[in-house]
Amino acid sequence: MKAEHKAKKAKLTLPAACLVLLTLYFITATALYFIAGDAFQYNNLGKPLLFGRYYFLIVAAFGLLLALYCMRLVHCSKAGARSLGLNAINAFVNYRFLLKQLVLRDFKAKYKRSVLGILWSFLNPLLTMIVQYIVFSMLFKSDIPNFVVYLLVGIVFFSFFSEATNMGLMSIVSNTSLITKVYVPKYIFPVSRVLSSAINFMISMIPLFMAMLITRVKLSVSILLLPFGIICTIVFCIGMSLILSSAMVFFRDIQFLWNVISMLWMYATPIFYPESILPQHLMPLFKLNPLYHFIRFTRFIILNGASPEPKAYLLCMIAAFVPLAIGVFVFKKTQDKFVLNI
Amino acid sequence: MIKVENVSMKFLIMHDRIRSLKEYTVALLKRRLKYEEFWALRNVSFEVRRGEVMGIIGRNGAGKSTLLKIISGILKPTEGKVKTGGNIVPMLELGSGFDLDLTGRENIFLNGAILGYSEDFLKSKYDEIVEFAELEKFIDVPIRNYSSGMLMRLAFSIATVVNPEILIVDEILAVGDEAFQAKSKARMMELMGGGTTVLFVSHNIEQIRELCNRVIWLDEGRIKMIGDKNEVCNAYRTVNICPQ
């Protein structure tokens, strides 16, 4: 009875939700145009960009596609037909309470028995930053302008990645008792782990802002672009966690392997060294690293006080959604075998 | 309403459980990757009508729990289909998903969410759950400090607060001290008698006779007999004679 009631409610609000989504889309797109300003109009050599000239045309085209898809969804839900998007929305509506509870649990359980508790989310990046700052400013005499902020962006993003993937990795295996006893959509476990790390991620933004204030970084409207980089990173981490958690069910070696890989990943990402020390001929290889794009995007916004070039947005989106698509595919293929192998 | 159509479940049993890449490669190279097929269920079909209480009996390893897990959606059958209408509350094990570090209050919401209850529902039933579990004094204490009886009381109260359309029960759960056992048994009877569709597994033939309308007898993954409770129970008794 309860479930039916809910489903009806979701159906009623679907067209409204679509309208809200479309409105939000156009508002964001317009806002983006003004925030980005010249970055969309000229490239770094001052030549006009086609992207800037046809910006609203492109926005309208995507808006139209989005509207058509929304119409299809509404149509499907009226006709009672099944569609991937509709299933995803229904699953979200039905399980968002569980998701919320799991995120809260992961977050609460983490600091439950420590004295400083939630303060650690804030202290951790700060202390790491201080240690690394002392080490690297003495060792390398780096010529990066505003090294503190440069370093902190890298640390905050990378520790989120490392925490989220490490927690996500164990998410299926450590919930064995649940998975074998109750029916719950399994993707909810890796997703909830990543989201609870994302809360940490948000809190660790505070030391970053403090460092920006102390080092007198000029604040401009471009700071409003920050959520784009953050969301892309979260999406990427969800994708990675989906892959890792399903691999972990079949091969427990992954947890040890992942320790080594994530260390390698840390050194392969320009966190504490400038991009310029990377060998030029290996650059294409380094650009395959999704984290490189997210961190570069964020640093550009904060340190330059301006929007990066349009290509950077595209690269970030690819770097986020391709791993997500792979993750969803792998997870879907293997999830029915989890119970048998866990 | 539950409709089970030609359900078969195959398990692959590996003689050495391979859990690491190294072991896998070694086994593959030695050509020792052998699996043994085991059919836990074969061609099981039956239908439970709305409001009917269906008992399942059979010896250990007959496939009863596998069948319940398939109907609850935890396992996906190798072949065949299961159709269910309505929300299912599986009571296969109580308190799965409890987090020892969280308080009783927090666990009520966590465990309730896992069982598929909505937030509004849990908020409205919260007092009822606490009262039934008799844990008013300890509800804000981390459940790490609960006794095992208190844990089971809390788990039972959360699981049975809802009136599901389909209830799946693996043995009648009588938990806690004597007074609470009586109370929980009464609650189970109330749930099972209240017009819900029930699938009920038990080794207690007397309980099956008392509660069910019809009974399925599973033997080595196949339905050996299905029908009226007295017929099936009598037939089962004659085959599986107890020494006493």
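Residues numbered from 1 in each chain as written. Chains lettered and ligands numbered in written order. Predicted model: local features only at pLDDT ≥ 70, side-chain atom pairs only at ≥ 80, totals over all residues. Heavy atoms only, no water.

Peer 1: Residues and numbers for the environment of A:Phe329, please.
Peer 2: Residues and elements named next belong to chain A. Here Phe329 is to be found in helix H15 (residues 310-334). A relative accessible area of 52% places Phe329 in the exposed class. The spacing of Phe329 and Gly239 is 90 residues in sequence and 9.7 Å in space, taken between C-alpha atoms. (Helix = DSSP H or I, 4+ residues; strand = E, 2+ residues; numbered from the N terminus. Buried < 20%, exposed > 50% of the residue type's maximum accessible area, 1.4 Å probe, protein only.)

Peer 1: Describe the packing of helix H11 (residues 226-250) of chain A against H15(A), and please don't skip the residues or the numbers.
Peer 2: All names here are of chain A. At a minimum axis separation of 8 Å, H11 and H15 run at an interaxial angle of 25 degrees. Taken together, the axes of H11 and H15 are roughly parallel relative to one another. Viewed along their axes, H11 and H15 form a crossing whose handedness is left-handed. The class makeup of the residues in the contact of H11 with H15 is 20 nonpolar, five polar and no charged. (Axes fitted to C-alpha atoms, helices over the stretch in contact; angles between N-to-C directions. Parallel < 35°, antiparallel > 145°, perpendicular 65-115°, else oblique. Left-handed = near helix turned anticlockwise from the far one by under 90°. Nonpolar A, V, L, I, M, F, W, Y, C, P; charged D, E, K, R; others polar.)

Peer 1: Could you give me a rundown of the domain arrangement of chain A, with the residues and numbers involved?
Peer 2: Residue and element names in this part refer to chain A. In terms of domain boundaries, chain A breaks down into domain 1 (1-81) and domain 2 (96-341). The C-alpha centroid of domain 2 is placed 26 Å from the C-alpha centroid of domain 1. Facing seven residues of domain 1, the contacting portion of domain 2 comprises nine residues. Taking both partners together, domain 1 and domain 2 bury about 580 Å²; carbon and sulfur atoms supply 85% of that area. Three residues stand out in domain 1 for area buried against domain 2, namely Ile35, Ala39 and Phe40, and they jointly supply 65% of the buried area on that side. Our count for the domain 1 to domain 2 interface comes out at zero salt bridges. The tally of links from domain 1 across to domain 2 stands at zero residue pairs in polar contact (both at pLDDT 80 or more). Contributing elements (two or more residues each) for the side of domain 1 that touches domain 2: helix H1 (2-36) and helix H2 (38-41). (Domains from an automatic or database assignment. Contact = heavy atoms within 4.5 Å. Buried area = accessible area lost by both parts, 1.4 Å probe. Salt bridge = Lys/Arg side-chain N within 4 Å of Asp/Glu carboxyl O. Polar contact = N/O pair within 3.5 Å; in protein donor to acceptor, adjacent residues only side chain to side chain.)

Peer 1: Pulling in residues and values, what's your account of the interface of chain B and chain A?
Peer 2: Listed as interface residues are 36 residues of chain B and, on the opposing side, 30 residues of chain A. Between chain B and chain A lies a buried interface of about 3,000 Å² when both sides are counted; carbon and sulfur atoms form 61% of it. There are four salt bridges connecting chain B and chain A. Note that B:Glu106 and A:Lys108 form a salt bridge whose closest N and O atoms lie 2.9 Å from each other. At the boundary of chain B and chain A, one finds three residue pairs in polar contact (both at pLDDT 80 or more). Only strand S1 (2-14), helix H1 (21-29), helix H2 (64-72), helix H3 (104-114) and helix H4 (119-133) of chain B provide two or more residues apiece to the side of chain B that touches chain A. Partitioned by chemical class, the residues of the side of chain B that touches chain A number 17 nonpolar, seven polar and twelve charged.

Peer 1: Tell me about the packing of aromatic side chains, and name the residues and values.
Peer 2: Per the counting criterion, the structure on display carries 31 aromatic pairs over all chains. On the basis of an interplanar angle of 55 degrees and a centroid distance of 4.7 Å, the ring pair of A:Tyr33 and A:Phe56 is categorised as tilted. In this pair, A:Tyr33 is assigned in helix H1 and A:Phe56 in helix H4 (residues 55-79), connecting sequence segments 23 residues apart. A relative accessible area of 40% means that A:Phe56 is categorised as partly exposed. The interplanar angle of 90 degrees and the centroid separation of 5.2 Å between the aromatic rings of B:Trp217 and B:Tyr236 together place this pair among those described as edge-to-face. Linking B:Trp217 in strand S8 (residues 214-219) with B:Tyr236 in helix H8 (residues 229-239), this pair joins segments that are 19 residues apart in sequence. Given a relative accessible area of 10%, B:Tyr236 falls into the buried group. An aromatic cluster is built from A:Tyr33, A:Phe34, A:Phe40, A:Phe51, A:Tyr55, A:Phe56, A:Phe228, A:Phe297 and A:Tyr313, whose rings are joined through pairwise contacts. Above the ring of B:Phe180, the side-chain terminus of B:Arg153 is found at 5.8 Å from the ring centroid. Over the face of the ring belonging to B:Phe132 we find B:Lys183, whose NZ or CZ atom lies 4.5 Å from the ring centre. (Phe/Tyr/Trp six-rings, centres within 6.5 Å; stacked < 30°, edge-to-face > 60°. Lys NZ or Arg CZ within 6 Å of the ring centre and 35° of its normal.)

Peer 1: Summarise the nonpolar core; cite the residues concerned and give the values.
Peer 2: Formed by 160 residues in total, the largest nonpolar core has its most connected members in A:Phe157, A:Phe161, A:Phe294, B:Phe46, B:Ile108 and B:Leu199. The element that contributes the greatest number of residues to this core is helix H7 (residues 147-171) of chain A, accounting for 15 residues. Aside from chain neighbours lying at most four places away, what touches B:Ile108 is B:Leu122, B:Tyr126, B:Ile129, B:Val130, B:Ile139, B:Leu154 and B:Ile158. Core analysis: the second largest hydrophobic core is formed by seven residues, A:Leu14, A:Cys70, A:Cys76 and A:Leu86 among them. (Core = buried A, V, L, I, M, F, W, Y, C linked by side-chain atoms within 4.5 Å.)

Peer 1: Before we move on, could you go through the sheet that holds strand S5 (residues 88-91) of chain B and cite the residues and values that matter?
Peer 2: Residue and element names in this part refer to chain B. Spatial strand order, S5-S6-S7-S3-S8-S9: six strands in an open sheet with mixed pairing. Two strands close off the open sheet at either side, each with one partner strand: S5 and strand S9 (222-228). Averaged over all pairs of adjacent strands, the angle between strand axes in this sheet comes to 15 degrees, irrespective of strand direction. Relative to strand S6 (residues 166-170), S5 runs parallel, the two being bridged by four bridges. Its bridge partner being in S6, Met91 is matched across the sheet by Val169. Contacting strand S3 (53-57), S5, S6 and strand S7 (197-201), helix H6 (residues 178-193) runs over the sheet at an angle of about 140 degrees to S6. (Pairing = 2+ DSSP bridges.)

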